[in-house]
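# Survey of secondary and tertiary structure
Chain by chain, the residues:
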Amino acid sequence: MKQFTGVADVRNFLHELVKDAIALKKNPFAHQHLGKNKVIGLVFMNPSLRTRLSTQRAALNLGMQAMVMNADKDAWKMATGEGVVMNGDAAEHIKDAVAVMGQYCDILGLRSFATLVNKEEDYAEQNLNDFIRYSGVPVVSLESATRHPLQSLADLVTIEEYKKKPRPKVVLTWAPHPRALPQAVPNSFAEWMLAADVDLTIAHPEGYELDESFTQGAKITYDQAEAFKNADFIYAKNWSSYHEYGQILLRDRSWTVSAEKMALTNNAHFMHCLPVRRNVVVDDAVIDSPQSLIIPQAANRVWACQAVLKRMLESL
Ligand code: CP
């Protein structure tokens, strides 16, 4: 596998990838020979707790070394775009920096969030595409402007482990947040759930429609209570408006996930990718309940990543 940027990269073997992750959980160190003398470079242009640590742990389990750089703080400021005259504060061009990093590493990972200023630029994924184009090594997305595939694979593994019927009802519900957040997690969750063929409903207030290319095939509703009926999994996430790009259209608690709303479900499990704003996105009574999967879901980030890195190492 030469790149892992979205479900399209693994659609042909999605089921096997989920099974690989579950098998690696039972036998984490079985493939250490693959990573011997190999190095993964993890480049973060934005903060991270889970992605950073789970990817390092996955690499270590495979016998690899991991080098981590907070590019937003520790690297030279990078220019992007062809033909740019670099007489501002950027000291080097991303294509030079990425080509150099490709000399030091066997695999590169990149986290580069949406800026939420210009939709076309964010959805063009310039930074991620520059890493693929100029590094000369396989690239794994650690969350890009429009997708978070390592999170979505871990989410799918978690649903596979906890589902009680072959095709569970999974509800992705918008929830409030004080800050404008990108659409990467919900975009990604939708495309992975649709590829996995769960019964997906997306509930959000009017104005929060996602890019249809990610949600085509899902049921979409503005009625959160209706969506929750008979749900087996509730996946809460905030996102800013896609059409009124980057805007917050609703701030009150009317869409907060509460115990009363969870009572409408089929004793559903609660999921969130974390970090989460307690008692804004979801009430403590839900996130601390026995039905909450937030910790096993976060733990599965290691096995999901390890399954991806194993395939990349096998293709080196
Ligand atoms: N869920 C997730 O990606 O967490 P971090 O932002 O902490 O990596």
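Here's a quick rundown of the structure. Note that the structure is a prediction, hence the values are computed from the model and not measured.

## Observations regarding the packing of aromatic side chains
Throughout the structure, instances matching the rule amount to six aromatic pairs. Taking the centre distance of 6.3 Å and the plane angle of 80° together, the rings of Trp174 and Trp255 count as edge-to-face. Taken together, the positions of Trp174 in strand S8 (residues 169-174) and Trp255 in the loop between strand S11 (233-237) and helix H11 (259-262) put the pair 81 residues apart, joining distant regions of the chain. Classification of Trp174 as buried rests on a relative accessible area of 0%. Ring centres of Phe189 and Tyr235 lie 3.9 Å apart, and the angle between their planes is 25°; on these two criteria the pair is classed as stacked. With Phe189 in helix H8 (residues 184-196) and Tyr235 in strand S11, the pair connects residues that are 46 residues apart, well separated along the chain. Residue classification places Phe189 among the buried positions, given a relative accessible area of 0%. Taken together, the ring pairs in this structure connect Tyr123, Tyr242 and Tyr245 into an aromatic cluster. The side chain of Arg52 reaches across the aromatic face of Phe44, ending 4.6 Å from its centre. Above the face of the Tyr242 ring, Lys119 is positioned so that its terminal group lies 3.9 Å from the ring centre.

## Details of the sheet that holds strand S1 (residues 3-4)
Taken together, five strands build an open sheet; the order of strands is S1-S7-S6-S2-S3 and the sheet is parallel. Both edges of this open sheet fall to S1 and strand S3 (65-70), since each of them pairs with a single strand only. Sheet topology note: the strand S2 (residues 39-44)/strand S6 (residues 107-111) ladder contains five bridges and is parallel. By the bridge assignment for S6, Ile40 is matched with Ile107.

## A short note on the pattern of salt bridges
A side chain with one charge can pair with a side chain of the opposite charge if their charged atoms come near. A complete count under the given rule lists 15 salt bridges for this structure. With a closest N to O distance of 3.2 Å, Lys163 and Glu160 form a salt bridge. Classification of Lys163 by relative accessible area gives partly exposed; the value is 27%. Asp232 is paired through a salt bridge with Lys165; the nearest N and O atoms lie 3.1 Å apart. In this pair, Asp232 sits in the loop between helix H10 (224-228) and S11 while Lys165 sits in the loop between helix H7 (149-162) and S8, placing the two residues 67 residues apart along the sequence. A relative accessible area of 10% places Asp232 in the buried class. A network of salt bridges, in which partner residues are shared, links Arg278, Asp284 and Asp288.

## Some remarks on the side chain of Glu143
Along the chain, Glu143 turns up in the loop between strand S7 (139-141) and H7. Those residues in contact with Glu143, other than ones at most four positions away along the chain, are Leu110, Arg111, Ser112, Phe113, His148, Ala184 and Val185.

Reading guide: rules and limits
- Residues numbered from 1 in each chain as written.
- Predicted model: local features only at pLDDT ≥ 70, side-chain atom pairs only at ≥ 80, totals over all residues.
- Heavy atoms only, no water.
- Phe/Tyr/Trp six-rings, centres within 6.5 Å; stacked < 30°, edge-to-face > 60°.
- Helix = DSSP H or I, 4+ residues; strand = E, 2+ residues; numbered from the N terminus.
- Buried < 20%, exposed > 50% of the residue type's maximum accessible area, 1.4 Å probe, protein only.
- Lys NZ or Arg CZ within 6 Å of the ring centre and 35° of its normal.
- Pairing = 2+ DSSP bridges.
- Salt bridge = Lys/Arg side-chain N within 4 Å of Asp/Glu carboxyl O.
- Contact = heavy atoms within 4.5 Å.

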